[in-house]
Structure formats: C-alpha cells, structure tokens
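Summary of the model geometry
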Amino acid sequence: MTQMVQDRVIAILAEQAVLDPADIAPDATLESLGIDSLGLVEAIFAIEESFDISVPFNANDPADGAFDISTVASIVAAVEALVAERTA
Amino acid sequence: MNRVVITGAGTINALAHDVPGTLAAFREGRCGITELDIRDRDRLSIQIGGQVHNWDPEAHFNRQQISLYDKFTQFTLLAAREAVAQAGLNFDGHLGYEAGVVLGTAGGGVNTWDENYRAVYEEGKNRVHPFVVPKLMNNAAASHLSMEFNLKGPSFSVATACASSNHAMGLAFQIVRAGGARAMLTGGSESMLCFGGIKAWEGLRVMSKDACRPFSLNRNGMVQGEGAAVFVFEDYEHARTRGAAILAEVAGFAMTADAADIVMPSKQGAARAISGALRDARVPGDAVGYINAHGTGTAANDKTECAAVADVFGAHADRLMISSTKSMHGHLIGGTGAVELLACLMALREGVIAPTIGYDEPDPECALDVVPNVAREAKVEVVLSNAFAFGGLNAVLALRRV
C-alpha cells in the first residue's frame, strides 16, 4: 500500500508543480517545488478525492494541525495514516 | 460638488432585526454566531454562522411577494423600510425621479439557486417555478427597492465579492456628490447560509469551525453571516432644507485593484485605497479616530490589513482604534460593508467604538489597538470603513461627524 500511496501523492504534487514525478524527491518542500497556498489547497482536494479521505487542513494555519505538510515524505506519511484510519 | 450625508439607516443581521438592536449588541460585545439551522447541516464540516434567526417573511410580505423575493431581497426590503422611515423621505412625487438605488451583493439569490438545483438534480424534477430567474438575479433587490419606493433614477447592483457593499455605497456617494441624484438608497445584502453556499466556502479551507477571532494570534478563519443594511444617502442641502436629522457625512471614497492574486490580499492595494479615501475626503490621516476593519479573522487578511494601516498612518496608527465587528455578525460577504457602516455611525454619533470580540492573544503582526472584547467610549471626528475583496478589489469609505 505504501508504494501506491506514495506514487499517487507524488503524481498529484507533480501535477501542481508542473514537474515530472521522477523529479519530486521525498525530502522536497512544497516551497522548493513552487507550490503556493492555492496550489496546496488544490493538491489537498485532489488527495481527498483520490483516497476518499478527509484531510484536516486549515489554510489559516498550514503549519499546525494533524496533517504535516513540511515535506513530500511527511505528506505521504500523513496520507498513509488517514488511509489506514479509513480502512481500519 | 454636493456634500453628501446619511439621513437613514436600516438593517437585519444575526445580531438583531433592526438598527437599535444591532447597536445595542455592538455596545455589549454580543456574539450572534451560532450553530447553523439549515438543511443537511450534518454533511457540512463548517456548522456555524451568523444566521438570522426567527425570520418570519409572512410577517412582512404577502404570499405573492414571497414567491418573488429571495431571502436576500427580503432582507434588503426590511432594512430599506427602516432606513426610509428614519429619513422621513417620500419618493412618490418628483423626488422619485431624482432618487435611485445602488446595492451590493456577491451571490444574489443563492437560496433560490440552491433550492432549485436540488429540485432538478437531487429530486429529479423537470420543472421549476416560473419566477426562479427574477428571484435569483443579483439586481432583484435593487429592482424591488426601486418599485417599493418609486425610485426612478440611477439604479443598479454591484458585485465585487466581499467589497460589494462598499463599492455600492461609494458609487451612490459619487452619484449624489456629482448631482446625478438628490438621494440614493444604498448598502448591500447577502443570504448565502444554505448547504451549497457554505459547501463552496468550505472548499477554500479558510473557514473557522468555532469562532471568528480577528487580529487574535489564535484566529483560524472566517465565519459566514447573512443579512442586509441599507442607508439613505442624501444631498446635504436637500437634507438641511427639509430639516432632516443627519447621521453623518460621507466625506470620501476610494477604490483600487491589487492586480496581483485572486485570493491573497496585497498591502499596497489596501494602503492605496485607504490613503485614496483620505485624499478624496481632504482629511489628514491624524484626523481619523476609528477604522472599521475588513478584519475577516483569516491569517492573511488581518496581518495584511494591519500592515497597510501602519504604512498609511505611520505613528498615528498606534493612536487610532481599529475593530472588526465580523467577530459578532460574521462575514456577510457582499453585504458586509453595509452592516459594518453601522459601527461607524455609532462611533461618530454616540462616541462608542464597537469591539473586536473573541480576542484571546495579541499577534505581533497585528499590533494595533483593536478594541479587544469590550466597547469603548471615545469621541471621534473621522472614521473609515475598509473592504478588501477576493479578486484584489478594495473599497474604503470615509465618514465625518456632522
């Protein structure tokens, strides 16, 4: 499951960043990928639709909350947790 | 150029169904934001709003009228009746040709859209009521005011999202000032608290689930409201000649566009609108005692607005008061500037500054006197009302005590 979640999250972020998925490193930040606040909100919507989950995210305080958006890897981990919660 | 004064005010919003009740709530720092009472609330992640409770259209309109009036029009008519009664104007004679109406609304008849989409999409009906279009159109409220009061001069509606009312009132001011009308009804209305109206805002991830706390470090977003406010803007000589009670003078107005981002505010665009309104009113910055802030309670707006105020006023920014009444009535989107103008009238006329309630912790990026939690007595001569809309469209009004 992990590989599949990672691939799909990276594909979503790559589309927002207009990059090839192969160029999205796990330790990349959204800022380094050039994804701004609107891009982030759109990416989170795509993640919710793709995995049928609800992501706890408030644009007023992106750094806070249960959903860690500091790197690509942290987003993948947070999505994995939400997917596991849903299927549990 | 004619001087322009306000001779009547009316409102309905989450705090009260009239002006005296709204001002009493401002003085008490009372919160009108509650759990929403709307259909399918359990499917919303945002379940609070500044909703108008105990709204009984049958008490104000007959059955035929209700079939033509969306809620945003009903709210507008109620507010306008209060305003016109206070002004004591009768437009039936020649004055009707020299009077008009400019109203702001962002969404128009959102409840009508919502109900009829449900009928055709959810319930699978293939027929809708014949009045759907005249009910939902953005200019419906302006047109019904023109009919109810016989206003036959310049009349239209303005849609600039959260700045709609301020743009509308600014244009009404310019029309009277330039001699295009002797009196104008102006203000705005919004009624977006329905499933579709809230669901749309949820998508943007800028809404608070618990409270609107403008300028507070722990603010976590905006809360929607609904309602209307309408004012009578009148040529000063006309008002003076007929011995009308004058609530305040509309002294200046400016509007600017950020030309930058569809949702993120710009300090420069806001600052240019504020300084433009001062220039238009020909008042120095240090004459301003109070600013009714746009103050949405989002991270982005509040810090940008405070930075713009600091830029325009320099050292005087630390002496003036700035508060956001959205903490009490919520964000009425296209109607918000109109309801907020009531706080400006209260400041000028009664010397009471409406507070920013829900204020918990100072934010170093909003280090101004935001009149936290408790109303304050203060004599002010000039006040501003800010509105900065999505789309980067800004509109600021300047009012003076008469």
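Residues numbered from 1 in each chain as written. Chains lettered and ligands numbered in written order. Predicted model: local features only at pLDDT ≥ 70, side-chain atom pairs only at ≥ 80, totals over all residues.

1. Observations concerning the overall build of chain A
Cut-off, in case you're wondering: A run of DSSP states H or I qualifies as a helix once it reaches four residues; a run of E qualifies as a strand once it reaches two. Both are numbered from the N-terminal end. Computation of the radius of gyration draws on C-alpha atoms alone. For the globule rule, the value is 2.2 Å times the number of residues to the power 0.38. Note on contacts: residues are paired as contacts if their backbone-placed C-beta atoms lie within 7 Å.
If you tally the helices and strands in chain A, you get 3 helices and 0 strands. Mapped from its N terminus to its C terminus, chain A presents α and β elements in the order α-α-α. Here the C-alpha radius of gyration of chain A, 12 Å, is about what a compact globule of 88 residues would show, namely 12 Å. Seen through its principal axes, chain A has C-alpha atoms that stretch 35 × 30 × 20 Å. Within chain A, contacts between residues separated by at least 24 positions form 52% of all contacts whose residues are at least 6 apart in sequence.

2. Brief notes about the overall build of chain B
The criterion, for reference: With C-beta atoms placed from the backbone, a residue is labelled by how many other C-beta atoms lie within 10 Å of its own: buried for 20 or more, exposed for 12 or fewer, partly exposed between the two.
When helices and strands are counted, chain B shows 13 helices and 14 strands. Relative to the 2.2 N^0.38 estimate, which gives 21 Å for 402 residues, the radius of gyration of chain B is 20 Å and therefore close to what a compact globule would have. The principal-axis extents of the C-alpha atoms in chain B amount to approximately 65 × 55 × 40 Å. When burial is assessed residue by residue, chain B has 59% of its 402 residues classed as buried.

3. Quick notes on the environment of B:S216
Residue and element names in this part refer to chain B. By the secondary structure assignment, S216 is in the loop between α8 (195–203) and β7 (227–235). A C-alpha to C-alpha distance of 5.2 Å links S216 and E361, two positions 145 residues apart in sequence. Apart from the residues lying within four places of it in its own chain, the contact partners of S216 are G358, Y359, D360, E361 and D363.

4. Quick notes on unusual backbone geometry
All names here are of chain B. Backbone geometry places I333, a non-glycine residue, at a positive phi of 50°. Mapping I333 onto the fold places it in the loop between α12 (326–329) and α13 (336–350). Residue I333 is classed as buried on the basis of its C-beta count, with 29 C-beta atoms lying within 10 Å. Positive phi outside glycine occurs at N373, with the angle close to 65°. The partly exposed category is assigned to N373, around which 15 C-beta atoms lie within 10 Å.

5. Side note on the interface of chain A and chain B
Quick note on the threshold: The residue classification treats Ala, Val, Leu, Ile, Met, Phe, Trp, Tyr, Cys and Pro as nonpolar and Asp, Glu, Lys and Arg as charged. All others, Gly included, are polar.
Contacts between the two partners involve 9 residues from chain A, matched on the other side by 11 residues from chain B. Classifying every residue of the side of chain A that touches chain B gives 5 nonpolar, 3 polar and 1 charged.

6. Points about the nonpolar core
Residue and element names in this part refer to chain B. We count it as follows: Only buried residues count toward a nonpolar core: Ala, Val, Leu, Ile, Met, Phe, Trp, Tyr and Cys, linked into one set through C-beta atoms within 7 Å. Boundary definitions for the domains trace back to an automatic or database domain assignment.
Counting residues in hydrophobic clusters, the biggest one holds 133 residues, and the most contacted among them are M184, F233, I274, A277 and V383. In this structure, this core is formed jointly by two domains, domain 1 (4–241) and domain 2 (250–400), each of which donates at least three residues. Not counting residues up to four positions away in its chain, the partners in contact with M184 are A99, G100, V101, V102, A172, I175, V176 and F233.

7. Observations concerning the environment of B:G187
Residue and element names in this part refer to chain B. Considering the arrangement of structural elements, one finds G187 in strand β6 (residues 183–190). With 151 residues separating them in the primary sequence, G187 and A338 have C-alpha atoms 4.9 Å apart. When sequence neighbours within four positions are dropped, the list of residues in contact with G187 reads A79, L103, S165, A168, M169, A228, A229, V230, F231 and A338.

8. Observations regarding the pairing of strand β13 (residues 382–389) of chain B
All names here are of chain B. For clarity, the threshold we go by: Strand pairing requires that DSSP identify at least two bridges connecting the strands.
When you tally the buried positions in β13, you get 8 out of 8 residues, the bulk of the element. As paired elements, strand β9 (residues 288–292) and β13 share 4 bridges and run parallel to each other. From the neighbouring strand, V288 faces β13, where its bridge partner is V382. As paired strands, β13 and strand β14 (residues 393–400) are joined by 8 bridges and run antiparallel to one another. Following the sheet pairing, A389 is matched in β14 by L393.

9. Some words on the domain arrangement of chain B
Residue and element names in this part refer to chain B. Assigned domains of chain B: these are domain 1 (4–241) and domain 2 (250–400). On a C-alpha basis, the centroid separation for the pair domain 1 and domain 2 is 21 Å. Taken together, the contacts link 66 residues of domain 1 with 57 residues of domain 2. Only β1 (4–13), α1 (19–28), α7 (164–177), β6 and β7 provide two or more residues apiece to the side of domain 1 that touches domain 2. Here the side of domain 1 that touches domain 2 takes 8 residues from α7, the largest share from any one element.

10. Details of the sheet that holds β7(B)
For sheets, the rule is that strands pair by backbone hydrogen bonds, running either parallel or antiparallel. Residues and elements named next belong to chain B. The condition that has to hold: Axes here mean lines fitted to C-alpha atoms, for a helix over just the part in contact, with angles spanning 0 to 180 degrees between N-to-C directions.
Taken together, 10 strands build an open sheet; the order of strands is β5-β4-β6-β7-β1-β8-β14-β13-β9-β10 and the sheet is mixed. Strands at the two margins of the open sheet, each flanked by one partner only, are β5 (155–158) and β10 (321–323). Across the sheet, the mean angle from the axis of one strand to that of its neighbour is 25°, orientation sign disregarded. Of the pairings in the sheet, the one linking β1 to strand β8 (residues 248–257) comprises 3 bridges and is antiparallel in character. Pairing of V4 across the sheet is with V250, part of β8.

11. Regarding the packing of helix α3 (residues 71–87) of chain B against helix α6 (residues 140–149) of chain B
Residues and elements named next belong to chain B. As a reminder of what qualifies: Orientation is classified from the angle alone, with under 35 degrees giving roughly parallel, over 145 giving roughly antiparallel, 65 to 115 giving roughly perpendicular, and any other angle giving oblique. Rotating anticlockwise by less than a right angle from the far helix to the near helix defines a left-handed crossing, while the corresponding clockwise rotation defines a right-handed one.
Between α3 and α6, the shortest axis-to-axis distance is 9 Å and the interhelical angle comes to 40°. Taken together, α3 and α6 sit at an angle that is classed as oblique. In the packing of α3 onto α6, the handedness of the crossing is right-handed. Listed contacts from α6 to F72, T73, T76, L77, A80 and V84 of α3 are A140, A141, H144, L145, E148 and F149. When grouped by side-chain class, the residues that make up the contact of α3 with α6 number 8 nonpolar, 3 polar and 1 charged.

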